[in-house]
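Structure at a glance
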Amino acid sequence: MRFDEVIGQEDAKERLLKMVSDGRVPHAIMLCGPQGCGKMALAMAFASTLLAQNGSNANTEAMLQKMEHPDLHFTFPTIKRKGSSSEHQPVSDEYIREWHQLIGQGPYFSMDQWMNTIGAENQQAVITGAESDELSRKLSLKSSQGGYKVSIIWLPERMNLTSANKLLKLLEEPPQQTVFVMVSENPDMLLDTIRSRTQRIDVKRISVEAIEKALVERRGIEPDMAHRVARSANGSWTKAIEALNADNENQAFLDMFIMLMRLAYQKNIKELKRWSEVVATYGREKQKRMLEYFMQMVRENFVFNFHTPELNYMTQNEENFSRNFSRFINETNVVEMFELMQKAHRDIGQNASAKIVFYEMALQTIVLIMRK
């Protein structure tokens, strides 16, 4: 993975490369930013640059191209496989084949894609205490190639408390010539003591121009289409790619959002109950993604009322619906509507009954959508 493969993010690239050229590489870096902005791409490019210094030859380059260098260690959220005992704590190595399968398709991917890759269904993926023990064991060994050892931790906010405390000890007394690179979307969920021991780099959303250029050059998309997709992607390369897929998940989420709002407007309690039961059959990760999409649509429809196109980031289908619907999202209900869906998202994350959560949300939507 090379820095020139990262889409946009020139400031972050320059900062990371300067660390290497100045020989002032901190022992722990945290790349923070929204999904799809290229944090993992930057982490992998940074790791490749460091490890290439261990000895540049054809074999090293081949290993780095596949991200299978022996001094590169990945940590990521996992689930228990079926048949595992209740005491078993899964570790990343149990899923390393699936991990390389995913990153082999490119460094831009989402939690949803990872969960599909490992067949997570309704389980929630976490980083266990056993994973921190295994990482400590690996990093205690000498570098196989001489020089740096790099630990990339994807979504450290998914560590359980045991794992977080064990990682904190590693950060307090890092093994020699070891660099930790954390890739986080919700750094506020981490222990303050962990955050304080890392050098934070905030990675911004990718510029519309950079996404548009990449769509044209890497995907062969016509410039007009590339421009619309780039704007609706809202700074996320993964969303841009999803938008190119006619069967992408967001279209299904749009259909469910439209159905919810129409049934709420009609005060159709019976059908809203049926809607809730259908949504309750989704896996929890999918339910959370759907609610995140709903919150985005509430925001977009509110902004649509300002008649300022440059402030909106919607696909053509979303825009077509919003022309008539946006007037129902206004100053009287937008905050409460957003908070209602935010609460549902939190409740689902805490394993509340999905049927109850979504039915309650649907009933409250009736009250909010009728406000003028």
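Please refer to the structure placed before this passage.
Criteria and cut-off values
- Residues numbered from 1 in each chain as written.
- Predicted model: local features only at pLDDT ≥ 70, side-chain atom pairs only at ≥ 80, totals over all residues.
- Heavy atoms only, no water.
- Helix = DSSP H or I, 4+ residues; strand = E, 2+ residues; numbered from the N terminus.
- Expected span 1.5 Å × (residues − 1).
- Buried < 20%, exposed > 50% of the residue type's maximum accessible area, 1.4 Å probe, protein only.
- Arc of directions from axis to C-beta.
- Contact = heavy atoms within 4.5 Å.
- Phe/Tyr/Trp six-rings, centres within 6.5 Å; stacked < 30°, edge-to-face > 60°.
- Core = buried A, V, L, I, M, F, W, Y, C linked by side-chain atoms within 4.5 Å.
- Polar contact = N/O pair within 3.5 Å; in protein donor to acceptor, adjacent residues only side chain to side chain.

Taking 1.5 Å per residue, 12 residues should reach 16 Å; helix α7 (residues 161-172) reaches 17 Å between its end C-alpha atoms and fits that length. When we look at burial in α7, the residues that qualify are Ser 163, Ala 164, Leu 167, Leu 168, Leu 170 and Leu 171. Buried residues in α7, looked at end-on, bunch into an arc of 160°, giving them a common side. With respect to the buried face of α7, the exposed residues turned more than 90 degrees away are Leu 161 and Lys 169. Packing partners of the buried residues in α7 comprise β1 (28-32), α6 (129-140), β3 (149-154), β4 (178-184) and α8 (192-195).

For Glu 68, the location among the structural elements is in the loop between α3 (58-65) and β2 (72-75). Taking the relative accessible area as the measure of exposure, Glu 68 reaches 44% and is therefore partly exposed. For Glu 68 and Lys 288, which are 220 residues apart along the polypeptide, the C-alpha to C-alpha distance reads 32 Å. If we ignore the near neighbours within four places in the chain, the residues touching Glu 68 are Met 63 and His 100.

Here we come to the packing of aromatic side chains. Counted according to the given criterion, the structure contains 19 aromatic pairs. Ring centres of Phe 76 and Trp 99 lie 4.3 Å apart, and the angle between their planes is 10°; on these two criteria the pair is classed as stacked. Of this pair, Phe 76 sits in the loop between β2 and α4 (96-103) while Trp 99 sits in helix α4, and the two are 23 residues apart along the sequence. Each member of the pair Phe 76 and Trp 99 is classed as buried. Considering the side-chain rings of Trp 99 and Trp 114, the 5.3 Å spacing of their centres and the 85° angle between planes classify their relative orientation as edge-to-face.

Moving on, we get to the nonpolar core. In terms of nonpolar packing, the biggest core is built from 62 residues, with Met 40, Phe 46, Trp 99, Trp 114, Ile 152, Trp 154 and Trp 237 touching the most fellow members. Considering every element that reaches this core, the biggest residue donor is helix α2 (residues 39-52), with 10 residues. What Ile 152 contacts, discounting residues up to four positions off in sequence, is Met 40, Ala 43, Met 44, Ala 47, Leu 72, His 73, Phe 74, Thr 75, Val 181 and Val 183. By size, the runner-up hydrophobic cluster in this structure holds 38 residues, among which are Trp 275, Tyr 293, Met 337 and Ala 354.

Inspection of the secondary structure puts Ala 354 in helix α17 (residues 354-369). Sequence separation between Ala 354 and Ala 280 is 74 residues, and the spatial gap between their C-alpha atoms is 5.1 Å. Other than its neighbours up to four places away in sequence, Ala 354 contacts Ala 280, Arg 284, Gln 287 and Ile 348.

A word on the side chain of Thr 75. By secondary structure assignment, the location of Thr 75 is in strand β2. A relative accessible area of 3% means that Thr 75 is categorised as buried. Within the structure, the side chain of Thr 75 is placed 2.9 Å from the side chain of Glu 131, a separation counted as a polar contact. In this structure Thr 75 touches Ser 92, Ile 127, Glu 131, Leu 135, Ile 152, Ile 153 and Trp 154, once residues within four positions along its chain are discounted.

A rise of 1.5 Å per residue sets the reference length of helix α12 (residues 249-265), with its 17 residues, at 24 Å; its end C-alpha atoms lie 25 Å apart and thus fit the reference within 8%. Turning to α12, its buried residues are Phe 253, Leu 254, Met 256, Phe 257, Ile 258, Leu 260, Met 261, Leu 263 and Ala 264. Looking at the buried residues of α12, the elements they touch are α13 (269-280), α14 (284-304), α15 (316-325), α16 (334-349) and α17. One or two steps after α12, the chain reaches Lys 267, where phi turns positive at roughly 55°.

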